[in-house]
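One-letter residues, chain by chain:
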Amino acid sequence: MEKFEPVITGFLCRWCSYAAADMAGNARMHYPPNLGVIRTMCSGRVDPQLVLKAFAGGADGVIIMGCHPGDCHYKEGNYKALNRFHLLRKVIEQLGIDKRRLRLEWISATEAKKFVQVVTNMVEEIRQLGPLSKSEK
């Protein structure tokens, strides 16, 4: 039997978390290839419908990454992301999706090591949860 490999969609802030991912790549840090990256201008610009569409389209997990609170290039974008995140967790639970399948992380441009750790941890957690089944959707 093959080992389950989760599909994770990541929405990464252009200014911080995407830069951290880029730095991790440039430093040749190793992390699971399970993350499909979507670069956004700001974590606050991640529309909740996009998250739901990612799950409906086959993602086993979704992670939103942005600048640390207080460091957003658009002043309050990450606070908007945080508010939407809490609402989204309630919505996906109502849809029967385990709330652990959705994460929000603050990762600055200089935190390549943290980026690698977060992605690795999420892949392992989703791997333990198993695939997002049709009954869970």
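Residues numbered from 1 in each chain as written. Predicted model: local features only at pLDDT ≥ 70, side-chain atom pairs only at ≥ 80, totals over all residues. Heavy atoms only, no water.

**Some details on the side chain of Thr-40**
When you line up the elements, Thr-40 lands in strand β2 (residues 35-40). Residue Thr-40 is classed as buried on the basis of its relative accessible area of 12%. Those residues within four positions of Thr-40 in sequence are excluded, and the remaining contacts are Phe-11, Leu-12, Cys-13, Arg-14 and Val-46. (Helix = DSSP H or I, 4+ residues; strand = E, 2+ residues; numbered from the N terminus. Buried < 20%, exposed > 50% of the residue type's maximum accessible area, 1.4 Å probe, protein only. Contact = heavy atoms within 4.5 Å.)

**Notes on the pattern of salt bridges**
All told, the structure shown has four salt bridges when counted by the stated rule. A cluster of three or more residues bridged by salt bridges with shared partners is formed by Glu-5, Glu-124 and Arg-127. (Salt bridge = Lys/Arg side-chain N within 4 Å of Asp/Glu carboxyl O.)

**Section: the pairing of strand β1 (residues 8-13)**
With six of six residues buried, β1 lies mostly within the body of the structure. On β1, burial covers both faces: Ile-8, Gly-10 and Leu-12 on one face and Thr-9, Phe-11 and Cys-13 on the other are all buried. The pairing of β1 with β2 spans six bridges and is parallel. Residue Gly-10 lies in a different strand from β2, and its bridge partner there is Val-37. Handedness of the β-α-β unit built from β1, helix α1 (residues 17-26) and β2 comes out right-handed. Sheet analysis places β1 next to strand β3 (residues 61-66), joined by five bridges and oriented parallel. (Pairing = 2+ DSSP bridges. Right-handed = clockwise from strand over helix to strand, strands pointing away.)

**What about the sheet that holds β1?**
Read across the sheet, four strands follow the order β2-β1-β3-β4 without closing on themselves; strand pairing throughout is parallel. Strands with a single pairing partner mark the edges of an open sheet, and in this sheet they are β2 and β4 (102-106). Taking each pair of neighbouring strands and ignoring which way they run, the sheet shows an average axis angle of 20 degrees. Along the sheet, α1 contacts β1, β2 and β3; its crossing angle with β1, the most-contacted strand, is approximately 110 degrees. (Axes fitted to C-alpha atoms, helices over the stretch in contact; angles between N-to-C directions.)

**Notes on the side chain of Asn-34**
Structurally, Asn-34 is set in the loop between α1 and β2. Polar side-chain contacts of Asn-34 include one of 2.8 Å to the backbone oxygen of Pro-6. Here Asn-34 is in contact with Glu-5, Pro-6, Val-7, Ile-8, Val-123 and Arg-127, once residues within four sequence places are set aside. (Polar contact = N/O pair within 3.5 Å; in protein donor to acceptor, adjacent residues only side chain to side chain.)

**Looking at unusual backbone geometry**
What you tend to see is this: most non-glycine residues have negative phi, and most peptide bonds are trans. Backbone geometry places Arg-28, a non-glycine residue, at a positive phi of 55 degrees. Examined against the element boundaries, Arg-28 turns out to sit in the loop between α1 and β2. According to the relative accessible area criterion, Arg-28 is exposed, its value standing at 69%. Phi at Lys-75 is positive, roughly 70 degrees, even though this residue is not glycine. When its relative accessible area of 66% is taken as the criterion, Lys-75 is described as exposed.

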